[in-house]
Amino acid sequence: MSFNLEYSINQKVELPEDYEVELHIKREDKINPFISGNKYRKLKYNLQEAQSLDYKTILTFGGAYSNHIAAVAAAGKELGFKTIGIIRGEELVAKVNENPTLRFAKSQGMHFKFVSRSAYRDKENERFLEVLKEELNDFYLVPEGGTNLLAVKGCEEILNEEDSAFDYICCAVGTGGTISGLINTSKSHQKILGFPALKGDFLSTNISKFVTKNNWELITDYHFGGYAKVNKELIDFINQFNQEYNISLDPVYTGKLMFGVIKMIEANYFEKNSKILVIHTGGLQGISGMNKRLIDKELPLINE
Ligand SMILES: *Cc1c(COP(=O)(O)O)cnc(C)c1O
């Protein structure tokens, strides 16, 4: 595999002194602008596997603003795979050029197949996959959001030895692959806090499939009503945080995560002098798509 990568580093966030905790952000968003953050980690071993099995085509699934779709398209281009995205929502077929994520994925050579929401729900069904295989020839399948055993293996590489100095590791949760990798690498004195970006009781079960430790917990108070749901308070927070610390957060995952972490610091959830590491899992490509929707909702825009 040969990606053009920058390294991810831990950056200290200079909180007001009376907060009495230490906060650092692991800048996984800096790995690559499009194959960013956890999506790089989750694809790494999957694409190696596809290469070693001599697959020429990668097929995956996603919504119209999906960071995963953008990452698969860009990674496929860099590594010479043909990529196919099964996209939720038939109406989008006419809107590829208006949608920043799909437009980008197309520019990377991704082919799309748009399916209805009900067909999309069925996507992991054998019959649906068989039909796709007949139609599109053979492909290596990366699941929605990219979570499988190889993805978790990649996410086990996010934390390194020096990170064992932290008491808390905090991350956003979508399907649970990223937090599973963090848990597997964590030390027993550390606590891993996951902040789900959506409502859903299935997440703990998902995570339990990949981990054996129990030094983790899901904090379910900061999903803002559901996946990709936002309000003015969240947008104002993201813009203020960016202004103060010069770190962009995305509205779907890392903005909600950091909002929650700061609120919990303010509520004295963490013991005095705790060292907290927040994982910036990327997702910044999603900001321009969100801004288009914010205009329609007459909400303030996220500064890019
Ligand atoms: C996909 C994504 C997540 C969620 O990761 P899971 O492994 O699905 O839990 C978190 N943050 C960002 C920025 C993402 O794009």
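My aim in this report is to walk through the structure given alongside it, one point at a time. Note that the structure is predicted; figures quoted are calculated from it, not measured.

**Quick notes on the site of the ligand**
So, step 1. In the region of the ligand, 16 residues are neighbours, and Lys39, Lys42, Thr175, Thr178 and Thr281 sit closest.
So, step 2. The separation between an oxygen atom of the ligand and a polar main-chain atom of glycine 174 is 2.7 Å.
So, step 3. Take threonine 175: an N or O atom from its side chain is 2.6 Å from an oxygen atom of the ligand.
So, step 4. About the coverage of the ligand: the protein hides 98% of its 390 Å² of free accessible area.
So, step 5. Every element with two or more residues in the shell around the ligand is listed here: α1 (37-52), β7 (168-173) and α7 (177-185).
So, step 6. No other element matches α1, which puts three residues into the shell around the ligand.
So, step 7. When its residues are assigned to classes, the shell around the ligand shows three nonpolar, eleven polar and two charged.

**Points about unusual backbone geometry**
So, step 1. The phi dihedral of glutamate 20 falls on the positive side, at around 55°, and the residue is not glycine.
So, step 2. Locating glutamate 20 in the fold gives a position in the loop between β1 (10-13) and β2 (22-27).
So, step 3. Despite not being glycine, glutamate 298 shows a phi value in the positive range, around 55°.
So, step 4. Topologically, glutamate 298 is positioned in the segment after α11 (286-296).

Conventions and cut-offs
- Sequence order as written defines residue numbering, which begins from 1 separately in each chain.
- Restriction of local features to residues with pLDDT of at least 70 applies here, the model being predicted, together with a cutoff of 80 or more for giving and counting side-chain atom pairs; totals for whole chains, interfaces and linings are based on all residues.
- Based on all heavy atoms of the structure, the side-chain values leave hydrogens and waters out of the count.
- Throughout this document, a residue counts as near a molecule or strand when at least one of its heavy atoms sits within 4 Å of that molecule or strand.
- Here a polar contact means two N or O atoms within 3.5 Å. Within protein one must be a hydrogen donor candidate and the other an acceptor candidate, and residues neighboring in sequence count only if both atoms are side-chain atoms.
- Every accessible area reported is derived by Shrake-Rupley at a probe size of 1.4 Å, with residue values counting cover from the shown protein chains alone.
- The helix count covers DSSP runs of H or I at least four residues long, the strand count covers runs of E at least two residues long, and both are numbered beginning at the N terminus.
- Here the term charged refers only to Asp, Glu, Lys and Arg, the term nonpolar to Ala, Val, Leu, Ile, Met, Phe, Trp, Tyr, Cys and Pro, and the term polar to all other amino acids, Gly among them.

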